[in-house]
Amino acid sequence: MRVLMIAPPGAGKGAQGALIAAHFGVPHIATGDLLREHVARQTELGQAVRRQLERGELVPDTVVLDMVREAAIAAKAAGGGYVLDGIPRNMTQARALYALGLELGMTAQVALHLQADDRELMRRLLARAMLEGRSDDTEEVIRQRLKLYHAVTHPIVAWYGERGILLSVDGMRPVAEVSRDILAALEAMHHRLPPEMDLASLGPAFGHASREVS
Ligand code: ADP
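Residues numbered from 1 in each chain as written. Predicted model: local features only at pLDDT ≥ 70, side-chain atom pairs only at ≥ 80, totals over all residues. Heavy atoms only, no water.

Undergrad: So what's going on with the packing of helix α2 (residues 31-41) against helix α3 (residues 44-55)? Which residues, and what values?
TA: At their nearest, the axes of α2 and α3 sit 8 Å apart, and the two run at 115° to each other. For the crossing formed where α2 meets α3, the hand is left-handed. Between α2 and α3, the contacting residues are Leu35, Arg36, His38 and Val39 on the first element and Leu45, Gly46, Val49, Arg50 and Leu53 on the second. The residue inventory of the contact of α2 with α3, partitioned by class, reads five nonpolar, two polar and two charged. (Axes fitted to C-alpha atoms, helices over the stretch in contact; angles between N-to-C directions. Helix = DSSP H or I, 4+ residues; strand = E, 2+ residues; numbered from the N terminus. Left-handed = near helix turned anticlockwise from the far one by under 90°. Contact = heavy atoms within 4.5 Å. Nonpolar A, V, L, I, M, F, W, Y, C, P; charged D, E, K, R; others polar.)

This is how it looks when you write it as structure tokens:
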């Protein structure tokens, strides 16, 4: 199964991504986690991006794309499935990722969009800040991350709709309910998909309307 996730901060993409990956036995490639690991290990890359992470800004496209290329090559060697979490975050990344997928013969079969409104996201992120102490979970930085999400990330959802691989799920409900719906929808698709085929390549009957699960 090859899934990418698009969701605002706090919608639960980390938790759901890990769950989907475990369910299908594929690697969970989370760009935020990879970047935070670099920061913690104080690698050169980590030092270069630390300020951007702390401020809730996007790190340069080339940095994440290089990181993801490496992870995608490893995923291909491990069987070809993946759950991508945290990328793409803008149209440039979306196009570059598609090109990489074509090059490696592993374009995403499903773009999973988790929806939630800003008030709920802010509530969840502030609660998480108390528990985890992530340095970008302060109110000011959360506002910046949400603003960026609406300005540059959310617009790419429509592009996946046009490609016929969009699955939209209401992420405002309890985590267990959301994951149950996601896994049910993905399982249903998985059984109908030959392993190396995209939803879009099956044509309009299969893919062109986006699915809504709520
Ligand atoms: P969230 O979705 O809660 O903002 P992530 O863990 O996905 O959390 O990302 C944390 C931070 O890592 C982002 O605010 C950004 O600075 C950086 N980041 C992660 N993925 C990308 C990406 N694809 N492009 C640019 N920056 C990224």
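Moving on from the coordinates now.
Undergrad: Let's hear about the site of the ligand: which residues, and what values?
TA: Taken together, 19 residues lie near the ligand, and Lys13, Thr31, Glu57, Gln93 and Arg145 sit nearest. The side chain of Thr31 places a nitrogen or oxygen atom 2.8 Å from a nitrogen atom of the ligand. Against a free-state accessible area of 550 Å², the protein chains account for coverage of 97% of the ligand. In terms of residues, the shell around the ligand owes the most to one element, α2, which gives four residues. Split by residue class, the shell around the ligand holds seven nonpolar, four polar and eight charged. (Near = heavy atom within 4 Å. Polar contact = N/O pair within 3.5 Å; in protein donor to acceptor, adjacent residues only side chain to side chain. Areas by Shrake-Rupley, 256 points an atom, 1.4 Å probe, with all protein chains shown as cover.)

Undergrad: Go over helix α5 (residues 91-104), please, and point to the residues and values.
TA: The terminal C-alpha atoms of α5, which comprises 14 residues, lie 20 Å apart, in line with the 20 Å expected from a rise of 1.5 Å per residue. Every buried residue of α5 is accounted for by Gln93, Ala94, Leu97, Leu100, Gly101 and Leu104. Taken around the axis of α5, the buried residues stretch over an arc of 125°, which confines them to a single face. Those residues of α5 that are exposed and aimed more than 90 degrees away from the buried face are Arg95, Leu102 and Glu103. Residues of α5 that are buried sit in contact with β1 (2-6), α4 (61-77), β3 (82-85) and α8 (156-163). N-capping of α5 is provided by Asn90, with a side-chain oxygen placed 3.2 Å from the backbone N of Thr92. (Expected span 1.5 Å × (residues − 1). Buried < 20%, exposed > 50% of the residue type's maximum accessible area, 1.4 Å probe, protein only. Arc of directions from axis to C-beta.)

Undergrad: Could you give an account of unusual backbone geometry, with specific residues and numbers?
TA: The residue after Ile87, namely Pro88, is reached through a cis peptide bond having omega 5°. Of note, Pro88 is situated in the loop between β3 and α5. The phi torsion at Gln42 lies on the positive side, around 55°, for a residue other than glycine. As for its placement among the helices and strands, Gln42 is situated in the loop between α2 and α3. The exposure class assigned to Gln42 is exposed, which follows from its relative accessible area of 58%.

Undergrad: So, helix α9 (residues 175-192): which residues are in play, and what are the values?
TA: For α9, with 18 residues, the first-to-last C-alpha span of 26 Å sits near the 26 Å given by 1.5 Å per residue. Considered for burial, the residues of α9 that qualify are Val178, Ser179, Asp181, Ile182, Leu183, Ala185, Leu186 and Met189.

Undergrad: Before we move on, could you go through the pattern of salt bridges and cite the residues and values that matter?
TA: Across all of its chains, the model carries 16 salt bridges by this definition. Note that Glu54 and Arg50 form a salt bridge whose closest N and O atoms lie 3.2 Å from each other. Of this pair, Glu54 and Arg50 both sit in helix α3, four residues apart, roughly one helical turn. With a shortest N-O distance of 2.7 Å, Glu139 and Arg143 are connected by a salt bridge. Of this pair, Glu139 and Arg143 both sit in helix α7 (residues 139-153), four residues apart, which is roughly one turn of that helix. For Glu139, a relative accessible area of 39% corresponds to the partly exposed category. It is possible to trace a salt-bridge network through shared partners that takes in Arg128, Arg134, Asp136, Asp137 and Arg145. (Salt bridge = Lys/Arg side-chain N within 4 Å of Asp/Glu carboxyl O.)

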